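Chain and residue survey
Below are the chains, spelled out letter by letter.
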Amino acid sequence: MQVKNLTLKNFRNYRDEYFEFDGGINVITGDNAQGKTNCVEAVFLLATGYSPRVRKDKQVITYGEEKSEIKLEASSNYGKVEVALSYYARGDKKIMINGVETKRIGELFGNVYAVYFSPQELKLIQESPEDRRRFLDIAISELSKKYFYSLVKYKKIIDQRNKLLKEADRDMVLDTLPIWDEQLAEYFADVVIARNSFIEKLSPEAEKAHAYLTDGKETLSVSGTVKYYGERDDVVEQVKQDLMNSTERDLVLGYTTIGPHRDDLKITLNGEDVRIFGSQGQQRTAALSLKLAELEILKSQYGEYPVLILDDAMSELDVARQKRILEKVEGVQTMITCTGTDASVFGGTDYKLFNVSNGSVVR
Ligand SMILES: Nc1ncnc2c1ncn2[C@@H]1O[C@H](COP(=O)(O)OP(=O)(O)OP(=O)(O)O)[C@@H](O)[C@H]1O
Ligand SMILES: [Mg+2]
């Protein structure tokens, strides 16, 4: 997968800018607050519809403007693709894929595949299960649109179910729950099965990536907390049973206590919980290993590497780890942002340099 170019109009601090990327390493450098992250954020938005930093679309529109437009052209084994997004200050957005408008954000997945890593990704290790679920959900959606749509439906039903659980009329609630759960179990099962199969692939790849980055000194282990196995029909039946068994507790607590919205990933380093015992550097390396594992999984699905975005990722790692990353990304289109000073890491490696200043590429 290669992103050929990127056009930004009224996107954050960019008024009108064009990037023509190299198929290998692209280094986007510049002082703080000049637009390095903004540039790679746009690439990830076009790939997934997700911003690595905000949840509110409107925030990307240049202050005071009505509309922001971003567009990229990419080529993959499947041919050329053009993806464009427009964000409007009134709150809506427009999605165009190869010149055809689509209303469904999920349609973005599978056109441009990308993996994003930044120091913020430390959240993946340190913070709440929600961050780890988010990682899983974006990664799996990039592999399967169907997963994204199942998840959307699952969350919708969970919201409705949780509202129902808070109703005062217990008889009505008990009559209605089985109707919801009939539907819920289907999406629940789809999400669980997809996560299980992803974690099965993630686990050995993450272990391998981490061993590589640490020169075999550390063993990273990743596992899920989900306990459903077998054919889809069996999982659906188990889920229905479990939902029924948890009804009493759900009613007391007023929300659904089991399901994918409560999952987590367990991450250990040499057998210890990395969240509690890992150093900053170890945690960062573990987070990076998860992302490199995602890279390999995407590759095995699509037959080629996705675009790798390393936003400010190098500065926090020691030189040995930086060098190993650069070795690792050979043959992967990579976008690396860094401030001027740490560009020295790239000595000896070929790369295309973009010097960004105040929302413009210095030519
Ligand atoms: N909607 C917006 N409209 C105009 N400017 C914006 C908007 N959103 C963010 N900015 C500006 O973009 C700049 C930050 O850009 P960015 O995050 O890309 O910096 P950076 O080059 O990655 O810096 P650092 O080295 O600190 O990571 C800030 O000055 C911020 O005010
Ligand atoms: Mg930045």
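Residues numbered from 1 in each chain as written. Chains lettered and ligands numbered in written order. Predicted model: local features only at pLDDT ≥ 70, side-chain atom pairs only at ≥ 80, totals over all residues.

Two numbers describe how helix H5 (residues 170–213) lies on helix H9 (residues 280–302): the axes approach to 8 Å, and their chain directions differ by 125 degrees. As the angle between them shows, H5 and H9 are arranged oblique. The two elements H5 and H9 cross, and the hand of that crossing is right-handed. Here Lys-201, Leu-202, Glu-205, Ala-206, Ala-209, His-210 and Leu-213 of H5 lie close against H9, whose contacting residues are Thr-285, Ala-286, Leu-288, Ser-289, Leu-290, Leu-292, Ala-293, Glu-296 and Ile-297. The class makeup of the residues in the contact of H5 with H9 is 10 nonpolar, 3 polar and 3 charged. (Axes fitted to C-alpha atoms, helices over the stretch in contact; angles between N-to-C directions. Helix = DSSP H or I, 4+ residues; strand = E, 2+ residues; numbered from the N terminus. Parallel < 35°, antiparallel > 145°, perpendicular 65-115°, else oblique. Left-handed = near helix turned anticlockwise from the far one by under 90°. Contact = placed C-beta atoms within 7 Å. Nonpolar A, V, L, I, M, F, W, Y, C, P; charged D, E, K, R; others polar.)

Ordered by their spatial adjacency, 6 strands build an open sheet running E2-E1-E4-E5-E6-E7, and the pairing between neighbours is antiparallel. The open sheet terminates on both sides in strands that have one partner only, identified here as strand E2 (14–20) and strand E7 (100–102). Averaged over neighbouring strand pairs, the angle between their axes works out to 15 degrees when direction is ignored. In the packing of helix H1 (residues 36–48) onto the sheet, the strands contacted are strand E1 (2–11), E2, strand E4 (67–76) and strand E5 (79–88), and the crossing angle to E1 comes to about 110 degrees. (Pairing = 2+ DSSP bridges.)

Moving on to unusual backbone geometry. Not every positive phi belongs to a glycine, and Asn-98 is a case in point at roughly 50 degrees. Here Asn-98 shows up in the loop between strand E6 (93–97) and E7. A count of 12 C-beta atoms within 10 Å places Asn-98 in the exposed class. With a phi close to 60 degrees, Asp-215 is a non-glycine residue in the positive phi region. With respect to the helices and strands, the residue Asp-215 is situated in the loop between H5 and strand E9 (220–224). (Buried ≥ 20, exposed ≤ 12 C-beta atoms within 10 Å, placed from the backbone.)

Another aspect to go through is the domain arrangement of the protein. Bring the parts together and some accessible area is lost; that lost area is often taken as the interface size. As far as domains go, the protein holds domain 1 (1–113 + 306–363) and domain 2 (128–302). Of note, the centres of domain 1 and domain 2, computed from C-alpha atoms alone, are 28 Å apart. Residue-level contacts link 15 residues of domain 1 with 15 residues of domain 2. With 3 residues, helix H10 (residues 319–328) is the largest single contributor of residues to the side of domain 1 that touches domain 2. Residue classes in the side of domain 1 that touches domain 2 are distributed as 7 nonpolar, 4 polar and 4 charged. (Domains from an automatic or database assignment.)

Our focus in this paragraph is the site of ligand 1. Surveying the vicinity of ligand 1 reveals 18 residues, the closest of which are Asn-13, Asn-32, Lys-36, Thr-37 and Asn-38. The element that contributes the greatest number of residues to the shell around ligand 1 is H1, accounting for 3 residues. For the shell around ligand 1, the residue count by class is 4 nonpolar, 11 polar and 3 charged. (Near = placed C-beta within 6 Å.)

What follows concerns the packing of helix H4 (residues 145–165) against H5. A pair of packed helices is captured by two measures, namely the crossing angle of their axes and the spacing between those axes. Taken N-terminus to C-terminus, the directions of H4 and H5 make an angle of 155 degrees; their axes are 9 Å apart at the nearest point. As judged from the angle between their axes, H4 and H5 are roughly antiparallel. Every pair of crossing elements has a handedness; the one defined by H4 and H5 is left-handed. Of H5, the residues touching H4 (which contributes Tyr-147, Ser-150, Leu-151, Lys-153, Tyr-154, Ile-157, Gln-160, Arg-161, Leu-164 and Leu-165) are Val-173, Thr-176, Leu-177, Trp-180, Gln-183, Leu-184, Tyr-187, Phe-188, Asp-190, Val-191 and Ala-194. Taken together, the residues that form the contact of H4 with H5 break down as 14 nonpolar, 4 polar and 3 charged.

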